[in-house]
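Here is how the chains run, residue by residue.
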Amino acid sequence: MAEPRRHKIPESVLVVIHTPAREVLLIERADKPGYWQSVTGSKDSPDEALVQTCVREVAEETGIAIGGDEVPLAALRDWGLSNRYEIYPVWRHRYAPGVTHNTEHVFGLTLPQRVAVRLNPREHLRFEWLGWREAADRCFSPSNAEAILQLPRFLPDPTPRDPR
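Note that the structure is a prediction, hence the values are computed from the model and not measured.

## Digging into the environment of Glu-61
Here Glu-61 lies in helix α1 (residues 50-62). Linking Glu-61 and Ala-75, residues 14 residues apart in sequence, is a C-alpha distance of 17 Å. Filtering out sequence-adjacent residues up to four positions away, Glu-61 remains in contact with Ile-27, Gln-37, Val-39, Thr-40, Arg-118, Leu-119, Asn-120, Glu-123 and His-124.

## A look at the nonpolar core
Counting residues in each nonpolar core, the largest one holds 20 residues, and the members touching the most others are Val-15, Ile-17, Val-58 and Leu-109. Secondary-structure elements contributing two or more residues to this core are β1 (11-18), β2 (23-29), α1 and β6 (101-110). Core analysis: the second largest hydrophobic core is formed by 18 residues, Leu-26, Trp-132, Ala-135 and Ala-147 among them.

## Describing α1
Between its first and last C-alpha atoms α1 spans 18 Å; for 13 residues at 1.5 Å apiece the expected length is 18 Å, and the two agree. Those residues of α1 lying buried are Thr-53, Cys-54, Val-55, Arg-56, Glu-57, Val-58, Glu-61 and Thr-62. Just downstream of α1 lies Gly-63, where phi reads positive at about 80 degrees.

## Quick notes on the side chain of Glu-48
Following the sequence through the fold, Glu-48 ends up in the loop between β4 (39-42) and α1. A distance of 2.7 Å separates the side chain of Glu-48 from the backbone nitrogen of Asp-44, its partner in a polar contact. The contacts of Glu-48, once residues within four sequence positions are left out, are Ser-42, Lys-43, Thr-53 and Arg-56.

## So, unusual backbone geometry
Of note in the backbone geometry, Arg-22 takes a positive phi value of approximately 65 degrees without being a glycine. Residue placement: Arg-22 occurs in the loop between β1 and β2.

## So, the pairing of β1
Within β1, seven of the eight residues are buried, leaving the element largely enclosed by the surrounding structure. In terms of strand pairing, β1 meets β6 through eight bridges, oriented parallel. Residue pairing for β6: Glu-11 is matched across the bridge by Thr-103.

## What to know about the packing of aromatic side chains
Per the counting criterion, the structure on display carries five aromatic pairs. Relative to Phe-140, the ring of Tyr-88 lies with its centre 5.9 Å away and its plane at 40 degrees, an arrangement referred to as tilted. Placement of the pair is Tyr-88 in the loop between β5 (76-86) and β6 and Phe-140 in the loop between α2 (132-138) and α3 (142-149), with a sequence separation of 52 residues. Take Tyr-88: its relative accessible area is 36%, and that puts it in the partly exposed class.

About the criteria used
Each chain carries its own residue numbering, running from 1 in the written order of its sequence. Thresholds applied to this predicted model are a pLDDT of at least 70 for local features of residues and 80 or more for the giving and counting of side-chain atom pairs; totals over whole chains, interfaces and linings are not thresholded and use all residues. To get the side-chain values, take all heavy atoms of the structure and skip hydrogens and water. Put simply, DSSP H or I for four residues or longer makes a helix, DSSP E for two residues or longer makes a strand, and each gets a number counted from the N terminus. Throughout, a residue-residue contact means that at least one pair of heavy atoms, one from each residue, lies within 4.5 Å. What we call a nonpolar core is a set of buried Ala, Val, Leu, Ile, Met, Phe, Trp, Tyr and Cys residues that are connected through their side-chain atoms within 4.5 Å. Any residue under 20% of the maximum accessible area for its type is buried, any over 50% is exposed, and the rest in between are partly exposed; the area is computed with a 1.4 Å probe on protein chains only. To estimate the expected span of a helix, count its residues, drop one, and scale the result by 1.5 Å. Under this definition, polar contacts are N or O atom pairs within 3.5 Å; protein pairs additionally need one hydrogen-donor-capable and one acceptor-capable atom, and for neighbouring residues in sequence, both atoms have to be side-chain atoms. A pair of strands is treated as paired once DSSP finds two or more bridges between them. Only the six-membered ring of Trp is used, alongside the rings of Phe and Tyr, when aromatic pairs are assigned; centres must lie within 6.5 Å, and planes under 30 degrees apart are stacked while those over 60 apart are edge-to-face, with the rest tilted.

See the structure below:
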């Protein structure tokens, strides 16, 4: 007998993956072609730590392993931002009956440079590295776009300054 399908937990992470040069990784949803986003995902259990949710979702959606020599755990930063938003009706069936809102916690993952990405073709079709402003414009989700627009708050200015 098949195990009953679990409902998604209405608490999730949004991980803005970026380089120091403010290039942002976006992935295109397979279930909604043309819908571009950062890595997102719900907690697997109510007691799962948000950092663990980030590590799991980034690995599942991009193949990037956080916690090793190439991408240390310190590269993942909680931006201290959260959004409460209404779940799009098209995706509400994934949640328990009556659940209409989700709380999303925003994190940033700084990679030293663009990296190759391994997508799960059931979830995502393509990826692109874009400048942060262009990436924000491409996102279908207003909360994702706003998170990307916050990137300069968390990174030093990439243009060298004349010390004089």
